[in-house]
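Close look at the chain arrangement
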Amino acid sequence: MVQIGYTLMSEQTPARELVDYAAAAERTGFDYAVISDHYFPWIEEMGHSPYCWSVLGAAAQVTEQLPLMTYVTCPIMRYHPAVVAQKAATMGVLSQGRFTLGLGAGENLNEHVIGEGWPPVDTRHPMFAEAIQIIKELFSGDYVTHHGEFYDVDSAKLYDLPDEPVPIGVAASGGRSAEIAADLGDVLVVNEPMPDVVQQFNTAGGQGRPVYGQLPIAYDTDPEAAKQRAHKLWRWAAAGGWKVMAELPGPVNFAAAAGTVRPEDVAQSVPCGNDVDAVVEGVRKFADSGYTHVALVQIGHDQQQPFFDWAEKELLPALRSL
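Cut-offs applied
- Residues numbered from 1 in each chain as written.
- Predicted model: local features only at pLDDT ≥ 70, side-chain atom pairs only at ≥ 80, totals over all residues.
- Heavy atoms only, no water.
- Helix = DSSP H or I, 4+ residues; strand = E, 2+ residues; numbered from the N terminus.
- Rg over C-alpha atoms; globule rule 2.2 N^0.38 Å.
- Buried < 20%, exposed > 50% of the residue type's maximum accessible area, 1.4 Å probe, protein only.
- Contact = heavy atoms within 4.5 Å.
- Expected span 1.5 Å × (residues − 1).
- Patch = residues over 30% accessible without salt bridge, like charges linked within 9 Å, V, L, I, M, F, W, Y side chains within 5 Å.
- Areas by Shrake-Rupley, 256 points an atom, 1.4 Å probe, with all protein chains shown as cover.
- Salt bridge = Lys/Arg side-chain N within 4 Å of Asp/Glu carboxyl O.
- Arc of directions from axis to C-beta.
- Polar contact = N/O pair within 3.5 Å; in protein donor to acceptor, adjacent residues only side chain to side chain.
- Axes fitted to C-alpha atoms, helices over the stretch in contact; angles between N-to-C directions.
- Parallel < 35°, antiparallel > 145°, perpendicular 65-115°, else oblique.
- Left-handed = near helix turned anticlockwise from the far one by under 90°.
- Nonpolar A, V, L, I, M, F, W, Y, C, P; charged D, E, K, R; others polar.

**Looking at the overall build of the protein**
- A count of helical and extended segments in the protein gives 13 helices and eleven strands.
- Compactness check: the protein gives a C-alpha radius of gyration of 19 Å against a globular reference of 20 Å for 322 residues, within 12% of the reference.
- Across its three principal directions, the C-alpha atoms of the protein cover 60 × 40 × 40 Å.
- The buried share of the protein, taken over its 322 residues, is 55%.
- Sequence separation of 24 or more characterises 74% of the internal contacts of the protein that already satisfy a separation of 6 or more.

Here is the structure:
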């Protein structure tokens, strides 16, 4: 059975409400929750971007059983990998083993803020692999000294560690990143249904490990209102694919890239309204592609509570059949 998660969408939600939604997701019956780790929202209309690690610490205290996960943290620039390791280990302790560290190679949107430029993808991949290796070494609890191609670590040691090492999820979108995920990760993260990437991960040695995806939806009893809201807040996602989005430096650039995207274009990949079958079909595409976990993104902060009510009564019971 596919595990159904809830996305704490930090780019559209104030920090306090994100904590409330974590508790609501547990009460509603979601299997886990993920949170994005951004400095900026993708477009200005989204309006928020709190520090996800503070939210996670609070979420761990208002939930009892709900697994939590970053979706995803970039450990190559804005955060040094040694700092990511300490944050993740502390979350493992606070959550009593309910935390998974989802990692990705990042976006210019969030990483440019430290003023060191944005390296090309053929540099980011080896940076990413080296960063994960450092994090894994620190999770051992031993002293770590590292002088690599991209990072230095000087006699670092983590003193607060959970009983079991924090699992590491690795985001992938193609062959090289799928190989990194199979080599260094416990979990594969691929946003869209991409069976070829899952197959590359399995072929590289990842067979049998969890595979996480994410499905945006726009719940509303008025399908047209849902479609317009999805266009207003989610049109950036139809602006050219990951190879474009990873390079754009700011919300204004995402808005410009999505300038010709129409509401009907967004609705092709985002179920809009209250049609349970449409969401079930969206999740089925992931299941058929080999995914074990799918997190739902409810687009629109003002519809979160109605979404939780609908999910508890209608949507989650239908999705359990998968």
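**Thoughts on helix H1 (residues 15-28)**
- Along its 14 residues, H1 runs 20 Å from first to last C-alpha, staying within 8% of the 20 Å computed at 1.5 Å per residue.
- Inspection of H1 places Leu 18, Val 19, Tyr 21, Ala 22, Ala 23, Ala 24, Ala 25 and Thr 28 among the buried residues, and these make up the whole buried set.
- Of the surrounding elements, those touching the buried residues of H1 are strand E1 (3-8), helix H2 (52-62) and helix H13 (304-319).
- Looking one or two residues beyond H1, the residue adopting positive phi is Gly 29, at roughly 110 degrees.

**Topic: a nonpolar patch on the surface**
- On the surface, Tyr 39, Val 113 and Ile 114 cluster together into a nonpolar patch covering about 260 Å² of accessible area.
- Along the chain, the position of Tyr 39 falls in the loop between strand E2 (32-35) and H2.

**Observations concerning helix H12 (residues 276-288)**
- For H12, with 13 residues, the first-to-last C-alpha span of 18 Å sits near the 18 Å given by 1.5 Å per residue.
- Among the residues of H12, those classed as buried are Val 276, Val 279, Val 280, Gly 282, Val 283 and Phe 286. One side of H12 carries all its buried residues, which in axial view fall inside an arc of 160 degrees. For H12, the exposed residues lying more than 90 degrees away from the buried face are Asp 277 and Asp 288.
- One side-chain oxygen at the N-terminal end of H12 lies 3.0 Å from the backbone nitrogen of Asp 277; it belongs to Asp 275.
- Backbone geometry just after H12 places Gly 290 at a positive phi near 100 degrees.

**With respect to the packing of helix H3 (residues 81-94) against helix H5 (residues 121-138)**
- Contact geometry for H3 and H5: axes closest at 8 Å, N-to-C directions at 45 degrees. In terms of axis orientation, H3 runs oblique to H5. Between H3 and H5 the crossing geometry is right-handed. Contact residues: Pro 81, Ala 82, Val 84 and Ala 85 in H3; Ala 131, Ile 134, Ile 135 and Leu 138 in H5.
- Here the contact of H3 with H5 is built from residues that sort into eight nonpolar, no polar and no charged.

**Some words on the pattern of salt bridges**
- Taken as a whole, this structure holds twelve salt bridges when the rule is applied.
- Among the salt bridges present, the one from Arg 78 reaches Asp 37, with a minimum N-O distance of 3.6 Å. Taken as a pair, Arg 78 in the loop between strand E3 (68-70) and H3 and Asp 37 in the loop between E2 and H2 lie far apart in primary sequence, 41 residues in all.
- Notably, a salt bridge pairs Glu 111 with Arg 78, separated by 3.3 Å at the nearest N-O pair. In this pair, Glu 111 sits in helix H4 (residues 108-111) while Arg 78 sits in the loop between E3 and H3, placing the two residues 33 residues apart along the sequence.
- Classification of Glu 111 as buried rests on a relative accessible area of 1%.
- In this structure Arg 78 comes out as buried when scored by relative accessible area, which is 15%.

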